[in-house]
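Analysis of the macromolecular model
Spelled out from the first residue to the last, the chains are:
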Amino acid sequence: MNYRRPKKRKRRLLIFLFILLLATLFPAFLIFSGAGETAKHSKAAVASYKLQNFDSLKTEINATKNSLQKVDFSLNLLFWVRIIPILGGYYADIKNFSEAGVEELKAADFLFSQFESSKDELMFNNHEKSGPERVTQVIKILQKAMPHLDKIEANLIRANELVENIDTDKYPSNLKGKNLQKILSLAKSFIIGAGVAAEEGRDALTIAPAAFGDPVAREYLLLFQNDKEIRPTGGFITAFATLKINKGQVETTTSDDIYRLDERLLATCLTKICPLTPPAPIIKYLPEVSGKPRSAWSMRDSNISPDLPTSAKEFERMFQLLGEGLPFDGIIYIDSQVVEELIEITGPIDVFGTKYSSEIDKRCNCPNVIYELESYAEIAAKGEQDRKAVLGVLMQQILAKTVGADIEKLPEFIETIARLANHKHIMFYMHDQKTQGALAKLNWTGEIKSFEGDYLHINDSNFAGGKSNLYVEQKVTQDIKIKNNKVTKKIIIEYKNLQPFGIWLNGINRDYVRFYVPKGSKLINSKGADEPFNTIEDLGKTVFETFLTVRPQNSRKIELEYEIPYSPKDKYELMIQKQPGAKDFEYAIKINGSKKADFKLDQDKQFKFDL
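Residues numbered from 1 in each chain as written. Predicted model: local features only at pLDDT ≥ 70, side-chain atom pairs only at ≥ 80, totals over all residues. Heavy atoms only, no water.

**A few points about the overall build of the chain**
Of the regular secondary structure elements, the chain holds 15 helices and 21 strands. Taken over the C-alpha trace, the chain has a radius of gyration of 28 Å; the compact-globule value for 611 residues is 25 Å, and the two agree within 12%. With respect to the three principal axes, the spread of C-alpha positions in the chain is 100 × 70 × 45 Å. Here the chain holds 611 residues, and 50% of them are scored as buried. (Helix = DSSP H or I, 4+ residues; strand = E, 2+ residues; numbered from the N terminus. Rg over C-alpha atoms; globule rule 2.2 N^0.38 Å. Buried < 20%, exposed > 50% of the residue type's maximum accessible area, 1.4 Å probe, protein only.)

Below, the structure written as structure tokens:
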């Protein structure tokens, strides 16, 4: 018998384990060491910026880049981990984040090397800055950075590509007291945002200083749309405020509820003829409290078009009837989601003795700030004379807390604002065409777009159904059939409201719903709505419109089938535009019985499906 073979096998196994241990521990030590250096230098960079020490900041940015490069190199030694199921996926994420970080820091290092001769002009004077001073400084830095953008564009785009497919949702929301999922999601969004800004948002960066009041002060009208009472452009217009921005310094000059403006409009129109005939849907589906058809059109209902520029022009036409012209440079639209998310970052805010916070309020099973804003909207609707102008004061305090926050929080604020704009909770209508064009490239202006392939936009209008969109959910299925170059499509929408009746908060949702589809589409059949579908044309689309009611603790389902004038070849191209202010509803797409996509519609999306 040969007793040597088992010993050889054991020796080989020990050698293999030793090599594996060496291949794991040595890179791990280098990674741990490099990560410690990276954290130390990044904290020092933040401290240098706080102290406005340019030389130290420049040095620490370079040191952070060098230490992160060491981490990235050490991760290369663990390349073999990629083949291990599950673990390999996490390794790939870490590697991509580290490479992306190196690219971002290379860009920052290059920019600060170019700023050396301008550090005094950029306000780096070794004295800490107030929040408003920091905004002014950022505008100056942006102006100095623009001529060098071509040199760093490749770095920012490469970083974007490295992280765009990372699924941050798979990470835990609580790991040793840290919300790892949120941290990684924030990092990913910030890296992608920088790439988009360099590639697609360059025009927006160019006009940013002027838009922030440098060198000439700007004044904007802020309109608050109540998305819990959904309307075509995002919600029922509840309140307004005027924002004045001078070299980045923001202040609210006036604010009130929208009924004050409408009261002034009504008083003005008593003494002159005003062209305020309501459009057909308002006459038909939004009667007066008495039940009579509405005979006059008000500013609060001016956003009947789902195309934001069209609705903004209508609002401004009515505003000019007051005889004041247009004393602002554009309109910024926000909804309650904006206020809720910003207060989650700033913490609770007190306005006129009422606390606004992100904590869940049992009175509505929703964030406290939402309940208080809805309560304010109800008081305003009743026209009580002592009602207070809450929105302007609230936004003033949110802005003050935002610009005055620790700089560690600034990336979260920036990411939140950009994401809310991407998801159509913040939108812009600017009078300056260059500014409007730059924002349109970012898809922040709410247009109904042209598209050569298949197209869908579903638009709901809550006509006197309380704040029920707080609770109403939707699921949309698109079932597409292609046969002999002929495309027919069935859309099924399931509406659900599982919450009990709540007087002013959760009533019967009276929904005027429109389906914007390719021009020339022909309705085949429909069912489930309270009224037969009607076919019209609007904004270069064919529109199928109808009306239905969704009661609390109930559900409805509507279906429509139509033929579209589209002949796909090897790819089926489809654009779906999200309604501003709407929740991220579930969507499913089938083509010839095969499921092609299942997703939440959080922003406009384009698809190319293989056929």
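**So, unusual backbone geometry**
Put simply, Asp 214 and Pro 215 share a cis peptide bond, and its omega is 15 degrees. Of note, Pro 215 is situated in the loop between α7 (202-211) and β1 (218-226). Located in the positive-phi region is Asn 126, a residue other than glycine, with phi close to 65 degrees. Mapped onto the elements, Asn 126 comes out in the loop between α3 (87-114) and α4 (131-145). Taking relative accessible area as the criterion, Asn 126 reaches 51% and is therefore assigned exposed. For Phe 352, which is not glycine, the phi torsion reads 50 degrees and is therefore positive. In this structure, Phe 352 sits in the loop between β5 (349-351) and β6 (354-356).

**A closer look at the pattern of salt bridges**
All chains considered together, the criterion is met by 38 salt bridges. For Asp 150, the salt bridge identified is with Arg 202, shortest N-O distance 2.4 Å. Here the residue Asp 150 occupies a position in helix α5 (residues 149-163), and Arg 202 occupies one in helix α7, the gap between them amounting to 52 residues. Residue classification places Arg 202 among the partly exposed residues on the basis of a relative accessible area of 22%. Linking Glu 341 and Arg 419 is a salt bridge whose minimum nitrogen-to-oxygen distance equals 2.8 Å. One end of the pair, Glu 341, is in helix α11 (residues 336-346); the other, Arg 419, is in helix α14 (residues 410-422), with 78 residues separating them in the sequence. Residue class for Glu 341 comes out buried when judged on its relative accessible area of 13%. One salt-bridge network, in which partners are shared between bridges, spans Asp 72, Lys 95, Glu 99 and Arg 158. (Salt bridge = Lys/Arg side-chain N within 4 Å of Asp/Glu carboxyl O.)

**Considering the nonpolar core**
Counting residues in hydrophobic clusters, the biggest one holds 46 residues, and the most contacted among them are Ile 334, Val 339 and Leu 394. Not counting residues within four places of it along the chain, the set of residues in contact with Val 339 comprises Phe 224, Ile 334, Val 369, Leu 373, Leu 394, Met 395 and Ile 398. Among the nonpolar cores identified, the runner-up in size contains 35 residues, and Leu 456, Ile 589, Ala 597 and Leu 601 belong to it. (Core = buried A, V, L, I, M, F, W, Y, C linked by side-chain atoms within 4.5 Å. Contact = heavy atoms within 4.5 Å.)

These figures come from the coordinates and say nothing about function on their own.
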